[in-house]
Amino acid sequence: MASLNIAGVRKPAAKGHGGAHVAHHKNTSAMPVERMPVPASVTIPLSQHIGAPNEAQVKVGDVVKVGQVIGSTDAFVSAPVHATISGTVKAIKPVRIVNGNMVNAVVIESDGEMALSEDVKPPVIESKQDFLNAVRASGLVGLGGAGFPTHVKLAFKEDAGVDTLIINAAECEPYITVDHREMLDHPQDILSGVKEVVKWLGFKNAYIGIEDNKPDAMQVLLKTMEENEEFKDVVQIIALPSTYPQGAEKVLIYSATGRQVPPGKLPSDVGCVVMNVQSVSFLGRYLKTGKPLVSRSLTVDGGAVAEPKNLRAPLGTMYSDILEYCGGFKEEPYKIMAGGPMMGLATIDAEVPLLKNNNAITCLAKGAVKVKPTRACIRCGRCVEACPMCLEPTLIEKKAHLKDVDGLNKASVMTCMECGSCAFACPSGRPLVQYMRLGKAIIREAGAKK
Amino acid sequence: MIDTKKLTVSASPHQKSAATTTRIMLDVIIALVPAGIAAVLVFGLRALAVILVSVVSCVLAEFLSRKAMKKEDTVTDLSAIVTGLLLAYNLPAGIPFWIVALGAVVAIVVIKQMFGGIGQNFINPALGARVILMSAFPGRMSAGAFADTNRIGWGVDTVTGATPMGLVGLDGVKEGAPTLMEMFLGTTSGCIGEVSALALLLGGIYLMVRKVISPIIPCTFVATVAIFCTFAQGFDMYAVAYELLGGGLFLGAIFMATDYTTSPITNKGKLIAGIFCGVVTCIIRLWGSLPEGVSFSIILMNVFVPYFEDWTAPTPFGFIKEKKQKKAKEETKA
């Protein structure tokens, strides 16, 4: 892609190392997000975040309305879960979620009304603490990544020198286009969300990082800021190169500010907080309406789906219902995964519920996946060239084979974020990401023994 | 609706690049074709016969040794064909076929498979075999062998005589040496694959365009020889050009020193390796008793690779120097 030149768009502060030139496959970028019809029932796992699990606040037979809290806990690192449709609680039972874990879930049978709970009203915010409480009450977790509760991320110490808010709109995974659509269709929500976060948490800089394959999104945001006095200069747009993994937190922070997050440290340690564009957009809406996180938009694509779509579905909708709404398959699916093809989790079947941090269902057809025979490493160095964390994956693989704890530490395996650029590039088809995970496990085990 | 028994479940990433070992080796083979054509034009069909014997012996040796070790067959990765071509390119056209076959067995069985097969050998198999053949059959591997081509009756009349590298030294280029144009095109004497700088350059450019090799080693290797010779030859640029075009410099710098397995994996390491090869080549050529030093310089470099890599290991992300981090912080504040 030619270098982008739009007035008012900043260039990255630093150029990261490596990355993978993955085909973009952004087939659905011209499709606005459509609202999926209410499914007959939803299965809402009580824990959809990193942190303490929630306890059920309803029992079987209860009648619930949209936005009513059905799971919560007093623990700080957690986020409540709300009813996403109105109806009757049919069961509370463990279900398998996409990563294979069994999690307690509330099954709600729809009454078709989608009646809004009386608890849903715009939050009254007069202080930073009110703001953080409201964010927690909204049930928001990082909508693009691991599902870390947002209010925890935002509760950094005031004297920690955190000065920069970075909105992640890179959307570097192939196929996924919901972030792109969010910017085209709801720029005001995004900007008002950013404005509120900046206002209550006192950031000095606010950036939004967008890959340069989405110039139209940049134009829309610029135009919205120009035309509305209230959004004037709310956020500075940074045009990121369209190279995977620009949307990885550490890579994004480096591109936007030139700061490097050391291994084992948090973005706030270098003065940054990163939020997904969907998350701020949700906050923008939530602060006006008070409607908690009960649905999310996602891309359903990947070549095997009959009618690829961007759609908004209630959380807890089964993948099978979503895929059925998308017309099933036109080709036999080879892999179904939550998320994109680079970091997504492959699932064993479609009987898993949609979670808060689940931005796509990607169904790859058989021919779409290159299956390479696994051969010996020829030391070509493509993995070293590709690693955005400047590691030597082939060396780490050998150290992991040897269970060499010192060697693994020296090779800094813990810095790996498992983006998969090395395994993507490897001509010998070596499962390098698994070896990275093995290397980390070996170090953890050795640490536990001490 | 969905037959879940047919879904594949595996770890990410689910997409892979198009690069495969076989495709890389095929690219190297394609890049070696021009030099092969040049060799047949210069030395006649005898050169083609040597190439074929070498390739077939290498592939057979690979197949049989894997079979004997009860390991999976690796002939399909095409690396044995590359070794076969490179070995043939490093031999004189008049060499007896049985020596070629012996060299192939040494390269594949002793140097490659005994150390674990593809990716595990610590020196380049073709070069290792060449050096062993040179020690075992010095007469048949050196100058005399080149003149033999005609006697066998397969050769082309114009090309006989000593290798050009015997005709250049610290006192400049001697009488009777071929012209620079002859050296560039390759209508001189020498090993099968090394004579035509033009053909080798074409192959090198192909490999760089296909991103199979990085230009670092070839460029630093050739540049180091050029600079070193410029000073050593007292700015006699004719002699310097002669040093660059003659001998196995292009073949070595483009195809042998860049061998993945036996060259450093880091870019800085490649830089050091290229300079190292250039310096050692010049020392051997100018002050050593052998006319040519490219093979030995590359083998010596191969042995040092683990050190070069250790010295040049990249600094992982996040281990940025404090000063730089501070500067980045201040810049975004402003």
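Residues numbered from 1 in each chain as written. Chains lettered and ligands numbered in written order. Predicted model: local features only at pLDDT ≥ 70, side-chain atom pairs only at ≥ 80, totals over all residues. Heavy atoms only, no water.

**A few points about the overall build of chain A**
- From N to C terminus, chain A includes 13 helices and 18 strands.
- In terms of overall size, chain A behaves like a compact globule, its C-alpha atoms giving a radius of gyration of 22 Å where 450 residues would be expected to give roughly 22 Å.
- Oriented by its inertia axes, the alpha-carbon framework of chain A measures out at about 65 × 50 × 45 Å.
- By residue count, 60% of the 450 residues in chain A fall in the buried class. (Helix = DSSP H or I, 4+ residues; strand = E, 2+ residues; numbered from the N terminus. Rg over C-alpha atoms; globule rule 2.2 N^0.38 Å. Buried < 20%, exposed > 50% of the residue type's maximum accessible area, 1.4 Å probe, protein only.)

**Describing the overall build of chain B**
- Of the regular secondary structure elements, chain B holds 15 helices and 2 strands.
- Out of the 334 residues belonging to chain B, those deemed buried represent 54%.
- Of the contacts formed within chain B by residues at least 6 apart in sequence, a portion of 76% connects residues at least 24 apart. (Contact = heavy atoms within 4.5 Å.)

**Remarks on the environment of Leu300 of chain B**
- Within the secondary structure, Leu300 of chain B is located in helix α14 (residues 294-311).
- Between the C-alpha atoms of Leu300 of chain B and Cys277 of chain B, which are 23 residues apart in sequence, the distance is 8.1 Å.

**Points about the interface of chain A and chain B**
- Chain A puts 73 residues into the contact, and the matching count from chain B is 50 residues.
- Both sides of the chain A and chain B interface together cover about 5,200 Å² of buried area, and 56% of this is carbon and sulfur.
- Run the count over chain A and chain B and you get 2 salt bridges.
- As a salt-bridge pair, Glu309 of chain B and Arg379 of chain A come within 2.8 Å of each other at their nearest N and O atoms.
- One can count 20 residue pairs in polar contact (both at pLDDT 80 or more) joining chain A with chain B.
- Mapped by element, the contributors of at least two residues to the side of chain A that touches chain B are β11 (205-211), α6 (249-257), α8 (319-325), β16 (333-338), α9 (382-386), α12 (421-425) and α13 (432-449) of chain A. (Buried area = accessible area lost by both parts, 1.4 Å probe. Salt bridge = Lys/Arg side-chain N within 4 Å of Asp/Glu carboxyl O. Polar contact = N/O pair within 3.5 Å; in protein donor to acceptor, adjacent residues only side chain to side chain.)

**Quick notes on a nonpolar patch on the surface**
All names here are of chain B.
- Nonpolar side chains collect at one region of the surface, where Val110, Met114, Phe115, Phe122 and Val303 lie side by side and expose about 480 Å² of accessible area between them.
- By secondary structure assignment, the location of Phe115 is in the loop between α4 (97-112) and α5 (125-136).
- On the accessibility criterion, Phe115 (45% relative accessible area) is partly exposed. (Patch = residues over 30% accessible without salt bridge, like charges linked within 9 Å, V, L, I, M, F, W, Y side chains within 5 Å. Areas by Shrake-Rupley, 256 points an atom, 1.4 Å probe, with all protein chains shown as cover.)

**Focus: the domain arrangement of chain A**
Residue and element names in this part refer to chain A.
- If you check the domain split of chain A, you get domain 1 (9-31 + 123-289) and domain 2 (382-449).
- Using only C-alpha atoms to locate each centre, domain 1 and domain 2 end up separated by 29 Å.
- Each partner contributes to the interface: domain 1 provides 12 residues, whereas domain 2 provides 12 residues.
- Buried area between domain 1 and domain 2, summed over both chains or domains, comes out near 890 Å², and the portion from carbon and sulfur atoms is 67%.
- Per-residue buried area on domain 1 facing domain 2 is highest for His17, Tyr244 and Lys250; these three make up 45% of the total on that side.
- Counting the contacts that link domain 1 with domain 2 gives 0 salt bridges.
- Here domain 1 and domain 2 share 3 residue pairs in polar contact (both at pLDDT 80 or more) between them.
- Taken together, the residues of the side of domain 1 that touches domain 2 sort by class into 7 nonpolar, 4 polar and 1 charged. (Domains from an automatic or database assignment. Nonpolar A, V, L, I, M, F, W, Y, C, P; charged D, E, K, R; others polar.)

**Focus on the sheet that holds strand β2 (residues 34-35) of chain A**
Residues and elements named next belong to chain A.
- Taking strand neighbours across the sheet as the criterion, the 6 strands line up as β2-β15-β14-β18-β16-β17 in an open arrangement whose pairing is mixed. Unpaired on one side and paired on the other, β2 and β17 (345-346) mark the two borders of the sheet.
- Along the sheet face, helix α3 (residues 178-185) touches β14 (295-301) and β15 (309-314) and points at about 125° away from the line of β14. (Pairing = 2+ DSSP bridges. Axes fitted to C-alpha atoms, helices over the stretch in contact; angles between N-to-C directions.)

**Some words on the nonpolar core**
- In terms of nonpolar packing, the biggest core is built from 85 residues, with Tyr89, Phe221, Phe255 and Ile298 of chain B touching the most fellow members.
- Take this core: its biggest share by element is 11 residues, from helix α1 (residues 21-43) of chain B.
- Counting 47 residues, the second-largest nonpolar core is a separate cluster that includes Ala217, Val277, Tyr286 and Leu315 of chain A. (Core = buried A, V, L, I, M, F, W, Y, C linked by side-chain atoms within 4.5 Å.)

**Some details on the sheet that holds β11 of chain A**
- Ordered in space as β1-β12-β11-β10-β13 (chain A), the 5 strands form an open sheet in which the pairing is parallel. Looking at strand neighbours, the two that pair on one side only are β1 (9-10) and β13 (272-276) of chain A, the edges of this open sheet.

**What about the pattern of salt bridges?**
Residues and elements named next belong to chain A.
- Per the stated rule, a full pass over the model turns up 22 salt bridges over all chains.
- Residues Asp189 and Arg285 are paired through a salt bridge, measuring 2.9 Å at the closest nitrogen-oxygen approach. With a gap of 96 residues between them, Asp189 in helix α4 (residues 187-201) and Arg285 in helix α7 (residues 277-289) connect regions that are remote in the sequence.
- Judged by its relative accessible area of 15%, Asp189 is buried.
- With a shortest N-O distance of 2.8 Å, Arg430 and Glu397 are connected by a salt bridge. With Arg430 in the loop between α12 and α13 and Glu397 in helix α10 (residues 393-401), the pair connects residues that are 33 residues apart, well separated along the chain. Each member of the pair Arg430 and Glu397 is classed as buried.
- One salt-bridge network, in which partners are shared between bridges, spans Glu34, Glu307 and Lys309.

**Some thoughts on the pairing of strand β8 (residues 87-96) of chain A**
All names here are of chain A.
- Inspection of the sheet shows strand β5 (residues 63-64) paired to β8 by 2 bridges, in the antiparallel sense. Its bridge partner being in β8, Val64 is matched across the sheet by Gly87.
- As paired strands, β8 and strand β9 (residues 102-110) are joined by 9 bridges and run antiparallel to one another. Paired with Thr88 across the two strands is Glu109, which belongs to β9.
- What sits between β8 and β9 in their antiparallel hairpin is a turn of 5 residues, with Gly100 showing a positive phi close to 95°.

**Focus: α7 of chain A**
Residues and elements named next belong to chain A.
- For α7, spanning 13 residues, the distance from its first C-alpha to its last is 19 Å, which sits close to the expected 18 Å at 1.5 Å a residue.
- For α7, the tally of buried residues reaches 10 of 13 residues, placing the bulk of the element in the interior.
- Of the positions making up α7, those classed as buried are Val277, Gln278, Ser279, Val280, Ser281, Phe282, Leu283, Gly284, Tyr286 and Leu287.
- Gly290 lies just past α7 and shows a positive phi near 80°. (Expected span 1.5 Å × (residues − 1).)

**Describing the packing of helix α1 (residues 128-137) of chain A against α7 of chain A**
Residues and elements named next belong to chain A.
- Axis separation between α1 and α7 bottoms out at 11 Å; the angle between their running directions is 105°. The angle between α1 and α7 places the two elements in the roughly perpendicular class. For the pair α1 and α7, the contacting residues are Phe131, Ala134, Val135 and Ala137 in the first and Leu283, Tyr286 and Leu287 in the second. (Parallel < 35°, antiparallel > 145°, perpendicular 65-115°, else oblique.)

**What to know about the packing of aromatic side chains**
- Inspection of every chain in the model, using the stated rule, returns 14 aromatic pairs over all chains.
- Ring geometry for Phe115 of chain B and Phe122 of chain B: centres 5.0 Å apart, planes at 70°, overall edge-to-face.
- Connected via pairs of aromatic rings, a cluster forms that spans Phe276, Phe304, Tyr307, Phe308 and Trp311 of chain B.
- Just above the ring of Phe156 of chain A sits the side chain of Lys128 of chain A; from NZ or CZ to the centre is 5.5 Å.
- A cation over a ring is seen here: Lys309 of chain A above Tyr325 of chain A, with NZ or CZ 5.3 Å from the ring centre. (Phe/Tyr/Trp six-rings, centres within 6.5 Å; stacked < 30°, edge-to-face > 60°. Lys NZ or Arg CZ within 6 Å of the ring centre and 35° of its normal.)

**Some thoughts on the packing of helix α3 (residues 79-89) of chain B against α4 of chain B**
All names here are of chain B.
- Interhelical geometry of α3 versus α4 gives an angle of 135° and a closest axis separation of 10 Å. The orientation of α3 with respect to α4, classified from their angle, is oblique. α3 and α4 meet at a crossing whose hand is right-handed. Contacts between α3 and α4 involve Ser79, Ala80, Thr83 and Leu87 from the first element and Val100, Gly103, Ala104, Ala107, Ile108 and Lys112 from the second. (Left-handed = near helix turned anticlockwise from the far one by under 90°.)

**A few points about unusual backbone geometry**
- Of note, the amide linkage connecting Tyr244 of chain A to Pro245 of chain A takes the cis form, showing an omega dihedral of -5°.
- Mapped onto the fold, Pro245 of chain A is located in the loop between β12 (236-240) and α6.
- Backbone torsion omega between Ser12 of chain B and Pro13 of chain B reads -5°, so that peptide bond is classified as cis.
- Mapped onto the elements, Pro13 of chain B comes out in the segment before α1.
- At Cys390 of chain A, a residue that is not glycine, the phi angle is positive and equals roughly 55°.

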